[in-house]
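Structural overview
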Amino acid sequence: EAANSKSPANLPTALAVNSKFIAVGAQNGDIWVFDLFEQLKATLGGKTNNILNENPNSVFKGASVTSIDLSLHGDYLLAGYGSGVIILWDIFKESILKSTDDLHTSPITSVRLTSFPMAGNDKSNIGAVSVDAGGLVNKLAFSKGMLWSTYSVETECLLDGTAGQILAMEALPPLDFVEGKCGSTGTGGSDGSRNTITLIALSSDRSSFAVSVEPKVSVLHRWARPTAERIDPTVFDRCEQSTQASSNYASTYASSYVSSCASSYLSTSTYASTAADPKQVSLGQPTPLPFLPCLSWGWALVSGGGNSVTPILARAWGSCLQFLRASFPDSDGAPDDGAINWPAFGLHDEFNAPSPVVALNWLGKRSLVYLTITNEFTIVDTVIMTMQENLDFSSMNLVYAEFALSRPTTSTRGPGSNICTTFMNSIRSSDDRLMVLCQEEVKQITVLGMRQQIASLEEGGQWLEALALALDHFESTIVSQEDRRRDQISKNEQSESMLSDPSLLSEDEVWMAELLMRYLKLAIENAPESSSPQFSFSTNKFSDTINFAHSHFEMLSGVCFEYCIVTRRLDLLFGRIFQCFYEARYINVFLDVMESYILNDKLKYVAPEAMALFVEHCKDIKDLQVVERCLLHMETNLMDFDSILSLLKKNLLFTGMFHVYCNGLDDFVSPMELLFEGLFDATDDRSNRRRVDIGERDANSNQLEKYGYKALLYLEYSFNGKYFPKGDAIHPEERLQTIRRDLLDLLFRESYLPQPHARAYGLNHSINGIRTSSHPYLRVLLLIDTNAFLDCLSIVLDDPLARFESTYSDSSIFEYGVGQNVALPHVTLPQLERKVNEILPDRQHLTRVLSSVIMPNSIANANRLLAPTGDCMPSLPDASKPLYLDFLAKYLKKGVVAVPKYVTTEVFTHLCTKKDASEEDVLSLLISISQTSFDLDEILHTVEDAGMTRSALVLHKVGVAQSIDRIGMKEKCEDHFNGAIDCFLTGKEPDFQLGLFSYVRQECAGENTSSIPPEERCNDSCTNAILRNIVLRRLHDFIKVDPIHSAHLVADIFVEDIDRILTSLNGVDNGRVEYEFLNAIISGGLAKVDTVSSQELSANLSFDHHHRYLALMVQFQPDSVYRYLSSSRSYRLDDALKLCQERRITDASAYLLERMGDVSGALQLMLKSLDTRMMTLKHLLRENTGFRGVSRRISANKRWKFHNEAAEKEISGVKQILVAILGLCERNKNEHLTLDNERGPLLWFHVLDRLAHSKSVLRISKESDEQNTSSISTVLSELLLMTMQRMISNVSLYDLMHKITTDYAGSDLGEFREMLVSMLKTYSSELDVCSNAVDVMYHDIRSMCIEKKKLKVRGAYVYRKPYSASPSGTTNEVFKNRIKKSYLGISYDPIHDKSTNALYALKKNRQEIQHESSSGRRGRYQPQLNLLTMSEKRFSLQRRSYSNNFVQCRQVGVLSEAQHVGGLL
């Protein structure tokens, strides 16, 4: 009745529960004890309180129950009260065993029993821990007396309250009790330490602690508070508006700060469901409240912990939930030395709740429940870390307590911000039950067993939900228990674990299988009837009706596959379930669903019976390739090879055979042999059906190409070290070499080898057709695609890691003889077998076989035999031979194979005549192969016909090397030498042509005869004479290539035959060749290449040779005659003048006249020629229409950039004549030769006058075309400028200015005005540059001087030298009296230091001098001589500004040497 009373004095405040009773504490001090059948068994405290309350000084007066705890077997109850009293009650007797009121002065917040009597043990010792609101923590030990059966209590203070308040406390239940509850559940190792150590958990506002109270008190672990971001106290602000109207707890929580109670720990004052007072709560600015930590100990299962329970401390602080795991060492009992095996603690897992958590408890061994401030009650499975249930507690009036913090956080300042809420004594758990204390009732929450839940769903007809729940149970229990065992087995064993042994199944697995079978039978019995599509005569089509039966069985198949795959019951899937679908006649639906699961990599195994039906099903729908695609997704090590291979061979599924043989049996040859059988049959069928219909022929050809390209693709994968067709890498790498060896042996097998059991699988076993030919395996692949096969073979041959048998080294290599075997080192027999298997066949053997198959006619012709013929040997495609020749050329270049000469000839013929022939390929092949491996004449003829000059040159060089100095090979040597010269001469690249000279020089020197045997060598002088004669005969061709190199060659070989050479060159190409040769020697071109050779040839030239050279120069290069005459004296003047006059070479004729003494005549001749050239230039500019495109704008240097070649050439000639004229004037300036008996400078003035009057002579002013006038004026200005520049250094300035100002003053200086202005501007700019350079130099000198002065007078910063303490202490006293500390440093006291007085005197003198100089007064004596430079004077003015600092701040310590700088002031 008291429990159901609504009087405020009887409201519940605390809760405790065990396996027998439920105890509820009341606000009036009563404790009601109920059994599990909701019957009130005892009321503790009612009578006692009535008696005690009569005493006005009783501590029980008005005290409410704040915390209670029951012993695990229900005999005792420990209660804590708001007055600080702790009472141990006997439940059955309803009596007080022991009470204490002197331990706590503050309300009790939590009491927990830590040790209590177990069944059959001593009942005299009871342990407990109590915590009050002030932070005082006591350990209590209740013991029963021997005589009067009275109880006494021993206490030990664990915390005295100075560390702050304890906000939460929880005790770990004993292991013995847990083992009794868990039954067979293990505890993960020895239980010695677990039985002897008693753990509790405490939490303050900063940290949580794991503390041992038995066998001794010890803090084992400190657990820091989570960060503010993890706690997230602002979550309440986001959810306040959504929970305020519906949640009594949330509204009361929001208004709890208005409580006026001053006690530290209060029972809730108002339990009625009331809304928040709008006057008390501001909706605009809600007051955030601190969140208390929540603790809960439990022996639990967690993820990754296996099937053993371990001590787990769960903590919730705000939104952060964390698990702390205690790991005990594996040892039996306590150690022999008495040491305690303390557990180790570590953070196991953590996650965030959607809202801050206010209550936390373990429910069973794998479920954790927590309550948030939004009244969401959540159950979490700690093994799979998933949410099991989420309940809404907003309609429940939960009992909670308000807790006043002694030091609120900074984020929770304000009225009532130190009030928090706790459910530590309102929500308790025991066994698999959770009790929640409400204001009017106690709610019980239990977690049903998995079978109970599934059975409930099954009874309700929710089969799919029941199966899904069963799968979750399987994944969370059975799978987690097998995780560690499965990690230790290999991959193959993991695959085999998919097939469960029925005899090893657990009870749960058998029960889950029966659940599925019940569902399957029920679903088949209630399946809808099958409906076939109806034919509509109106639309002439079948109606699109839905086949509900098909859809039903398709869904049913998916459920069975998913369930069996997850539970690893493939034996059930392909056993009873498969039989059910077969009997229901819906096996095709089952097979279609099975295909999707296989292709999605969910199903890795198919039973043989199911596979046989699946193949037949695919054959019915004419899509056998589906079988092969499915096989690629299956595990080969789970297959029944006999049955699966029989199916594949019977249906000719070669891709599947490759996968099964290679991945399952590690056999790479057998599937290829089977595929060759199909290839042979297809080839023979095509040969026998040449006269049948085109359609049949095409179908047979398609089958042949299908098999053939599949074989080639398989070879490509295998040679690259990959499995076909998935492309996975083959391991180990050594296996790749043996695979290559086996496949090459098969491909190059000489004759057909019948395969056993070929007829059984539909393959022909008779030996006919292509099987009777030689090398049939190789032949059929070449018939399919020669290029693709050769590419596959190149993969092996190009591998740098591949090892082949030794190549042929005997001379019989070129005649197809038998090669030598590879020589292996001395090894053991197993090593020898392994090495032999890894060595590939000889590459020479491979090329020999390929040549015999692809080029049978060439071999027959070479050996004078008939080529093999017959209908049994289908001919290869025409492209096979060219492709093979390209393949052969590739490996001939690498030097790994060698072939006979006639094969080499065919290779070269193909390389030279193919469509995309490249001389680089031919040349690289010639360089790579041996000279004895080809027929020189045949290949040379082929190369020359193809126009490959460089290749022909290589062959000619080989011919010369083979025939030179050999007896009887004179004519052949001459032919090859001439051919080599022709190759050089016909080359298109200049660098290539220049190689002629080095080659001829090498051959004529006889450097290639050392390798010729003496008995075959002829006279060396005879051979050299032959080659020299050939060079002499063809020297004119050499000169056309390069005259300088030709002259150099002559100097090396024919230096004494210069007359003979010049005679032979006379008249060749009208003397042009002779001129080029002489020009290379005389003009200095040869001297740039070889000075010694040039001097030798020049010494052998006579005056006649020079005269001949001059005559040829006059003919071919008249513009260079003047330059030659002025630089050389190796000619006769009369003859040279005659030649120049005959050819009308003015500048050269004038120069010769000058040398003969007729300076006046020479000048007149050249001036006349200059006038003639100027007139010619004028006519060219007038008649040239191309000159119209020249821009009218004159450039800065007054030069036109003409684009007409004739005009440019004429202008160059005019300038050349002027240069000759000026040279004449310059050479005769000091010889006083005159014109008209006047002085020598008149030569210059005469030239100047002629140029100045050229405008009038050319009648430029009458020209109507402004462009021509401007162009001629520009040329004249340039000529005049050239003249003036030469005159300045040869004519005195006075004479030059007198001439200009006198003769041209009337015309404003005429043509000289612009030139003079430009010269003056240039002179002015040069003066400016010099002036600026001088200023910069003086500035740099001054800066350097100032910097140098600063460096000299600047004091070095030194540190105080540490002085050793004097025994008497007088030294330190002296320094203390004399040294004064300042901000800048340490300065001397001028009263006690003489040196400082001297510095001050010097400073005073300087200041007086500066003052006198600044005021302008003169002293009695002023020296006339100043020893300071100007730069020092400037520097002294700047130095005065900082002289004061220089004197005042002198550093003390280790001083540097004195320096005397500066001058006298």
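Preceding this paragraph is the structure being described.
As a starting point, this report considers the structure included with it.

Thresholds, definitions, all that
Residues numbered from 1 in each chain as written. Predicted model: local features only at pLDDT ≥ 70, side-chain atom pairs only at ≥ 80, totals over all residues. Heavy atoms only, no water. Phe/Tyr/Trp six-rings, centres within 6.5 Å; stacked < 30°, edge-to-face > 60°. Helix = DSSP H or I, 4+ residues; strand = E, 2+ residues; numbered from the N terminus. Buried < 20%, exposed > 50% of the residue type's maximum accessible area, 1.4 Å probe, protein only. Core = buried A, V, L, I, M, F, W, Y, C linked by side-chain atoms within 4.5 Å. Contact = heavy atoms within 4.5 Å. Axes fitted to C-alpha atoms, helices over the stretch in contact; angles between N-to-C directions. Parallel < 35°, antiparallel > 145°, perpendicular 65-115°, else oblique. Nonpolar A, V, L, I, M, F, W, Y, C, P; charged D, E, K, R; others polar. Pairing = 2+ DSSP bridges.

Right, let's talk about the packing of aromatic side chains for a bit. Tallying each qualifying case throughout the model produces 37 aromatic pairs. Their ring planes at 85 degrees and their centres at 6.5 Å tell us that Phe574 and Phe590 sit as a pair that is edge-to-face. Highlighted residues: Phe574 in helix α12 (residues 570-583) and Phe590 in helix α13 (residues 587-599), separated in sequence by 16 residues. Phe590 matches Phe574 in its accessibility class, with the two residues each being buried.

What follows concerns unusual backbone geometry. Backbone torsion omega between Phe724 and Pro725 reads 5 degrees, so that peptide bond is classified as cis. The topology assignment puts Pro725 in the loop between α19 (694-719) and α20 (733-747). Cis rather than trans, the peptide bond between His731 and Pro732 has omega equal to -5 degrees. Within the secondary structure layout, Pro732 lies in the loop between α19 and α20. Unlike most non-glycine residues, Glu38 shows phi in positive territory, near 70 degrees. Residue His775 is not a glycine yet carries a positive backbone phi of 50 degrees. Relative to the elements of secondary structure, His775 occurs in the loop between α20 and α21 (776-784).

By size, the foremost hydrophobic cluster in this structure holds 249 residues, and its most contacted members are Phe574, Ile577, Leu603, Leu850 and Leu1125. Apart from residues no more than four positions distant in its own chain, Leu603 is found in contact with Phe561, Ile565, Leu570, Leu573, Phe574, Met594, Tyr597, Ile598, His633 and Met634. Ranked by size, the runner-up nonpolar core spans 21 residues in total, among them Trp317, Phe377, Phe393 and Ile445.

Let's shift gears to the packing of helix α35 (residues 1043-1053) against helix α37 (residues 1072-1082). Helix-helix packing is described using two parameters, namely the angle between the two axes and the distance between the axes. Two numbers describe how α35 lies on α37: the axes approach to 8 Å, and their chain directions differ by 75 degrees. Taken together, α35 and α37 sit at an angle that is classed as roughly perpendicular. From α35, Pro1043, Ile1044, Ala1047 and Val1050 reach across to α37, where they touch Glu1076, Phe1077, Ala1080 and Ile1081. Looking at side-chain class alone, the contact of α35 with α37 contains seven nonpolar, no polar and one charged residues.

Next up on the list: the environment of Asn341. Tracing the sequence through the fold places Asn341 in the loop between β19 (310-327) and β20 (344-362). Judged by relative accessible area, which is 17%, Asn341 ranks as buried. Spatially, the C-alpha atom of Asn341 lies 9.8 Å from that of Thr196, the residues being 145 residues apart in sequence.

Bringing the sheet that holds strand β21 (residues 367-372) into the picture now. Hydrogen bonds between backbone atoms are what pair the strands of a sheet, whose relative direction is either parallel or antiparallel. Within the open sheet, the six strands sit side by side as β18-β19-β20-β21-β22-β23. Their pairing is antiparallel. Both edges of this open sheet fall to β18 (293-300) and β23 (386-392), since each of them pairs with a single strand only. For this sheet the average axis-to-axis angle between neighbouring strands, irrespective of direction, equals 30 degrees. As defined by bridge partners, strand β22 (residues 376-381) adjoins β23 across six bridges and the pair is classed as antiparallel. Directly across from Val380, in β23, lies its bridge partner Met387.

Attention shifts here to the packing of helix α7 (residues 450-459) against helix α10 (residues 507-525). At a closest axis distance of 13 Å, the pairing of α7 and α10 adopts a crossing angle of 5 degrees. In terms of orientation, α7 lies roughly parallel with respect to α10. Contacts between α7 and α10 pair Arg451, Ile454 and Glu458 from the former with Glu507, Asp508, Trp511, Leu515 and Arg518 from the latter. Classifying every residue of the contact of α7 with α10 gives three nonpolar, no polar and five charged.

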